[in-house]
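Observations on the three-dimensional arrangement
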Amino acid sequence: MPFVEKNGLKFYQFEHLPDIAVHAVFTRRGGVSTGQWSSLNMGGSVGDDPANVSANRIRAFESLGRNPESVFDVWQVHGTRTSYAVEPRDPNTHEDKADIIFTDNPDVTLYMRFADCTPLLFVDPVRRVVGLTHAGWQGTVQNVAGAAVSAMRERYGSKPAEIYAAIGPAIGPDHYEVGENVIEAARASFGDAAEALLPWVGEHRHFDLWAANRLQLKQAGITKIESANLCTACHTDDWFSHRQERGKTGRFGVLMGLKA
């Protein structure tokens, strides 16, 4: 089953990612935070007590058997810049602005945070590379998925046909109503394919982030794609959802690393 419970934490693991990678998409369950951040909040910029955020991060790392000091994270800014992790980062600093991170070092654990935006996970089992990408609507219309694949090719010599990709829990098309600015950006980015990605739900247009990112992964040459198809806004018992909880919420964490 995709959901695993360990040390009081509940997390999602994809079934078909290569075994060289250790990964988890953590739900909001099993942490020490309270109130609107209950309970495994990983977000340090949403008003939660920093001590609780730190304790939650350590719990998550230890549940996967990863050293908390192996962390590498970035300041996520809804763009397409890539940061390459050659060694861990001080857990109290993340000045590097990026939305794509990769590593080929087993001593590094990649770490990102989400609350409706789409987590994309990458594994190249041939060149032993893993990566995480943060794809909100802005990153999606900028083709952050394609940028991630290009980064793997240029940095590591990865071949798209050998790359595995996974689309994590995110706000689903049933809940993601968007305005004219997003509609216009999607049309500019996807051309004729945009209308299928902008379904009508009642009298309003919605944006299908799952399908949009899957399309871009396919266009980049990836054929091995797995999707969680879990809507964060539908399941706030498991996931933090910025849209559904009107901004008063936390962030769930995604961890990924290479086995030694």
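Residues numbered from 1 in each chain as written. Predicted model: local features only at pLDDT ≥ 70, side-chain atom pairs only at ≥ 80, totals over all residues. Heavy atoms only, no water.

Quick notes on the overall build of the protein chain
Operational definition: Put simply, DSSP H or I for four residues or longer makes a helix, DSSP E for two residues or longer makes a strand, and each gets a number counted from the N terminus. It is over C-alpha atoms that the radius of gyration is taken, and the globule rule equals 2.2 Å times the number of residues to the power 0.38. Burial classification: accessible surface area is computed with a 1.4 Å probe over protein chains only, and a residue below 20% of its type maximum counts as buried, one above 50% as exposed, and the rest as partly exposed. Note on areas: these come from Shrake-Rupley sampling with a 1.4 Å probe, and a residue is covered only by the protein chains present in the view.
What the protein chain contains, in helices and strands, is six helices and 14 strands. Taking 260 residues into account, the globule formula puts the C-alpha radius of gyration at 18 Å, and the protein chain, at 17 Å, falls close to it. Along the three orthogonal principal directions, the C-alpha set of the protein chain runs to about 45 × 45 × 35 Å. Expressed as a percentage of its 260 residues, the buried residues of the protein chain come to 56%. In the structure as shown, the protein chain presents an accessible area of about 11,000 Å², 46% of it carried by carbon and sulfur atoms.

Digging into the sheet that holds strand β10 (residues 164-167)
Definition in use: Should DSSP find at least two bridges between two strands, the strands are regarded as paired. Angular values range over 0 to 180 degrees, each being the angle between N-to-C directions of two axes fitted as lines to C-alpha atoms, with helices fitted over their stretch in contact. Contacts were defined at the residue level, with two residues in contact if any of their heavy atoms lie within 4.5 Å.
An order of β5-β6-β9-β8-β10-β13 is seen for the six strands of this open sheet, with the pairing classed as mixed. Looking at strand neighbours, the two that pair on one side only are β5 (82-84) and β13 (224-227), the edges of this open sheet. Between one strand axis and the next, the sheet turns by 15 degrees as a mean value, whatever way the strands run. Pairing analysis gives four bridges linking β10 to β13, with the strands arranged parallel. Bridge assignment links I167 to a residue of β13, and that residue is S227. Strand contacts of helix α3 (residues 144-156): β5, β6 (100-103), β8 (118-124) and β9 (129-135), with the helix running at about 30 degrees to β6, the strand carrying the most contacts. Where helix α6 (residues 209-219) meets the sheet, its contacts fall on β8, β9, β10 and β13, and the angle it forms with β13 comes to roughly 170 degrees.

Observations concerning the packing of aromatic side chains
For the record, the criterion: The aromatic pairing rule takes the rings of Phe, Tyr and Trp, using the six-membered ring of Trp, and pairs them if the centres are within 6.5 Å, calling planes under 30 degrees apart stacked, those over 60 edge-to-face and the rest tilted. Only when the NZ atom of a Lys or the CZ atom of an Arg is both within 6 Å of the ring centre and within 35 degrees of the ring normal do we say a charge sits over the ring.
Counted under the stated rule, the structure contains 10 aromatic pairs. Three or more aromatic residues joined by ring pairs form one cluster here, namely F3, Y12, F14, F114, W239 and F252. The aromatic ring of F3 is capped on one face by K10, whose charged end is 4.6 Å from the ring centroid. The ring of F72 is capped by R89, whose NZ or CZ atom sits 4.2 Å from the centre of that ring.

All we've got here are geometric facts, nothing functional implied.
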